[in-house]
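Survey of secondary and tertiary structure
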Amino acid sequence: MIPRLGLSGITKSYGALQVLHGVSLTVLPGEVHGLLGENGAGKSTMLNILSGVIARDGGTIQIDGAPVQITSPRDATAAGIAMIHQELQQVPELSVAQNIYLGAALRRAGGLVVDRAAQEAEARRLLAPLDATIDVTAPIRSLRVAQRQVVEIAKALRANAKIIAMDEPTSSLTPKEFERLVQVIQTLTAQGVSVIYVSHKMDEVFRLCQQATILRDGRLITQVPIPQTPVAQVIETMVGRELAHASHRSFATDKVLMRVQALTRGAAVVDASFDLHAGEVLGIAGLVGSGRTELMRLLAGVDPADAGTIDVNGQTPGTGPRARIRAGLGLVPEERKRDGIIRHRPVTSNIGLPAMRRFSRFGIIRKAFLKARAETLMQEVRLRPFDVTRPIGSFSGGNQQKAIIGRWLATDTQIFLFDEPTRGIDVGAKAEIYDLIEKLAAEGRAVIVVSSELPEVIRVSDRVLVMREGRISATLGPQEITEANIARNAIPA
Amino acid sequence: MTRFPLLSRIRFRDAGTLLGLVLISLVFAVQSDVFLTQPNLINILQQSAINACIALGMTLVIISGGIDLSVGPVAALSAVLGAAMLVAGVPVPLAIAGALATGVVCGFVNGALIAWGGLQPFIVTLGGLSLYRALALIYTGGQPIFGLPDGFRAFTNGSLAGVPNPVVIVAVLALGAWIILNKTPLGEYFMAVGGNPEAARIAGVPVTLTKLAAYMISGLMAAVAAMVLIGRLGAAEPTLGTLWELDAIAAAAIGGASLMGGRGSILGTLIGCIILGTLRNGLTLLNVQAFYQLLATGIIIIVAMLIDKATSGKQGG
């Protein structure tokens, strides 16, 4: 069979840094093809080259056996390639039909007037096999993410796409919505459309894909048939080493490191009281909006509390992030881009920021000292690519996270506050972060982990606080940490 | 070069600004016999000194995510207060210190309203633009202050090894600003606060003090520029410094400062000042009408921004 899509020998460099080393990818008609790899492996670069967003340095692209020139997004669309991005690129105020025909409006009266009726009829026809419940006249903003995704797929079909690439399509879908997406994808492949599916979630990949191409550090490692290949083997190939399946080890002591009493902020956090011990990993579970992030922000001094006290090592730290950092607390925020990184600054600056004075002598930053320290820390957490002088914004999410964690390691933080530490991070990096949390606890520091992923909470925590509507609804000891216990206490009565 | 990609990238941008200066100079050198003579080149530097002074402070403010539109009136207020002290017989060093303090206080007021008051820099300093000008006019009744002592004027009119003192002063200040920006925690704070204020706050950066420092330095620089100018003129006019803010912003932008904050270069700003000075000087030598000089300045700024856009697009990743 002639492949629907054939990329071969694709190379790409940014300056001295080569991010793709002659990568090839072959996708058959009607196939769902997984593109797998850790953050920074080169998946996004591949997709961006395929969709004409960035120019490749070398290599060829063939569609149905014929070479095509793709140098702009317009070329890609003309060649029948469509991208469904993680963050959907739609105009919220326009209707579903208008979004589907964005930039390609149907016209009448000699091209002067947009033919809305025709657009809506066509949009309805395109959406019928995908999700007939979507109202084509409704504004995009009124749709749920899953529905918007379907609209984006309909738009791709409108442009006669033969290849649809999906980048982490399920990151904000519920399990039920995922089932819906599976059906949509099956409808597409039945029509001969090929799908390139990028995801970190192995269960999805095994459910959907027939083939998977695995990248690592910008190189093609292998192409494997799915689901014949064992999951563990796929993961190990992605990560390039065996992942330890260590069970939970506890390093918790009796020594109280931090005592929180009746901490309150509006209705977001009400009357939160708990102790945190040296060497302990304290999980905080609860639904989104139950006050977990708000509690972390109160502890880190990012928001002021209305009432309540905090004691660290028997002393009451002042208010504001600086005082809390001095007291030994460090926040690894959920929204990395917004609250974590200084995008244009190198990793070294991002790491040194809270401790600039300590890295200085006579008011001058000792850059070599800072760089050496950053390199030691980043070597430990396996920063990739390993170059601490690159702007942090040029790293993948997982590697940015490592740098933010490194920031607090460099500051000798005693209490680590992790808010959704593995959000948007791939399997390999996830395991690394779990190992790191365990290591911090083993060193006698204390860790609080807020997470929406129950298996994650259960895996890392010695004790779990469950939050519900701003209050701590339960404290679960080591024997009581189960999904059922957490769920029962998290859901409002 | 490969060991410090960021460093080499900043240098890359500065090299671009320098290339622009060289190209403009080449055009004038071909067109005019006088342009490339030593006195004329020194003249250009001297004429650029005042703008450079203002632009150095402006660059730090812009990098920290703000803007300072009040620099001209701050300079005017510092000038008339300093001149009044000098004329009244206050010792020269004391009078200069008084004038510089005036600038710092004005900067503090701007900074306090922005950092503590949470007001927008553009609006606060727009208010300051009127306020400080009004104070200078009210204080002097709109009249220039004449009769500055020779002891004071000798300082700004003198020279060091053939280089006029104003140029020497700017060189020293630029070195100071470069060290602050690139070598000290404060410089890191400027870039962090300008790049992402919320992330900087969470990382423990003293955001309020950082902003305050930027505006105080800007006020100080405006006062220094005022001293250099009244020393040369021998008089202090309450109307001096009109539109200085725009020249300074232009120089910083040509030099690579991003008005979104977080990025900028001291060396780039200096070269930007010299580009603007060279344009004026060269076009005057060629007897080009003032209207066209304005036109050329506008075109240069826009061309610089276009080149910036075109080259930074290739720095993806």
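Residues numbered from 1 in each chain as written. Chains lettered and ligands numbered in written order. Predicted model: local features only at pLDDT ≥ 70, side-chain atom pairs only at ≥ 80, totals over all residues. Heavy atoms only, no water.

1. Here we look at the environment of Gln31 of chain B
For clarity, the cut-off: Secondary structure elements follow DSSP: runs of H or I no shorter than four residues count as helices, runs of E no shorter than two count as strands, and numbering proceeds from the N terminus. Each residue is placed in one exposure class: buried if its accessible area under a 1.4 Å probe, protein chains only, is under 20% of its type's maximum, exposed if it is over 50%, and partly exposed if it falls in between.
Structurally, the position occupied by Gln31 of chain B is in helix H1 (residues 5-31). The class of Gln31 of chain B is exposed, set by a relative accessible area of 54%.

2. Quick look at the sheet that holds strand E4 (residues 58-63) of chain A
Residues and elements named next belong to chain A. Defined as follows: Paired strands, as defined in this entry, are two strands with at least two bridges between them according to DSSP.
On the basis of which strands lie adjacent, the open sheet formed by four strands has the order E2-E1-E4-E5 and antiparallel pairing. The open sheet has two edge strands, strand E2 (17-27) and strand E5 (66-67), and neither has a second partner. Judged from the two bridges that link them, E4 and E5 form a sheet pairing that is antiparallel. Paired with Ile63 across the two strands is Ala66, which belongs to E5.

3. Section: the side chain of Thr156 of chain B
Note the cut-off: Throughout, a contact is declared for two residues whenever any of their heavy atoms are within 4.5 Å.
Assignment of secondary structure puts Thr156 of chain B in helix H6 (residues 150-157). Those residues in contact with Thr156 of chain B that sit more than four places away from it in its chain are Asn165, Pro166, Met227, Val228, Gly231 and Arg232 of chain B.

4. Let's talk about the interface of chain B and chain A
Quick note on the threshold: Summed over both partners, buried area is the accessible surface (1.4 Å probe) that two parts give up on being assembled. Between Lys or Arg on one side and Asp or Glu on the other, a salt bridge is scored when a side-chain nitrogen of the former is within 4 Å of a carboxyl oxygen of the latter. Polar contact is defined as a pair of N or O atoms within 3.5 Å, subject to the rule that within protein one atom must be able to donate a hydrogen and the other to accept it, and that residues adjacent in sequence are counted only when both atoms are side-chain atoms.
Taken together, the contact pairs 29 residues of chain B with 35 residues of chain A. Taken together, both faces of the contact between chain B and chain A bury some 2700 Å²; the carbon and sulfur share is 60%. Linking chain B to chain A there are two salt bridges. For Arg297 of chain A, the salt bridge identified is with Glu198 of chain B, shortest N-O distance 3.7 Å. At the junction of chain B and chain A, the tally comes to nine residue pairs in polar contact (both at pLDDT 80 or more). If you list the elements that add at least two residues to the side of chain B that touches chain A, you get H1, helix H7 (165-183), helix H8 (185-195) and helix H9 (197-202) of chain B.

5. Some words on the pattern of salt bridges
Residue and element names in this part refer to chain B. Within the structure shown, the criterion is met by 29 salt bridges over all chains. With a closest N to O distance of 3.4 Å, Glu198 and Arg201 form a salt bridge. Note that Glu198 and Arg201 are positioned in helix H9 at a spacing of three residues, about one turn of the helix.

6. Quick word on the packing of aromatic side chains
Aromatic rings in a pair are described by how distant their centres are and how their planes are angled relative to each other. Our working rule: Centres within 6.5 Å are what make two rings of Phe, Tyr or Trp a pair, Trp counting through its six-membered ring; a difference in plane orientation under 30 degrees is then read as stacked, over 60 as edge-to-face, and the rest as tilted. Over a ring means this: the NZ of a Lys or the CZ of an Arg is within 6 Å of the ring centre and within 35 degrees of the ring normal.
The final tally for this structure, using the stated rule, is four aromatic pairs over all chains. Judged by centre distance (6.3 Å) and plane angle (65°), the rings of Phe108 of chain B and Trp116 of chain B are edge-to-face. On the basis of relative accessibility, which here comes to 36%, the residue Phe108 of chain B falls in the partly exposed class. When the ring centre of Phe395 of chain A is taken as reference, the NZ or CZ atom of Arg390 of chain A above it lies at 5.1 Å.

7. Remarks on the domain arrangement of chain A
All names here are of chain A. Condition: Just so you know, the domain bounds were taken from an automatic or database domain assignment.
We note that the domain assignment places domain 1 (5-239) and domain 2 (256-490) within chain A. A straight line from the C-alpha centre of domain 1 to that of domain 2 covers 35 Å. Every contact between the two is made by nine residues of domain 1 and, on the other side, 13 residues of domain 2. Summed over the shared surface of domain 1 and domain 2, the result is zero salt bridges.

8. Focus: H7 of chain B
Just so we agree on the cut-off: The span one expects for a helix is its residue count, reduced by one, times 1.5 Å.
With 19 residues, H7 of chain B extends 26 Å from end C-alpha to end C-alpha; this agrees with the ideal 27 Å at 1.5 Å per step. Taken residue by residue, H7 of chain B has Asn165, Pro166, Val167, Ile169, Val170, Ala174, Ala177 and Leu181 of chain B as its buried positions.

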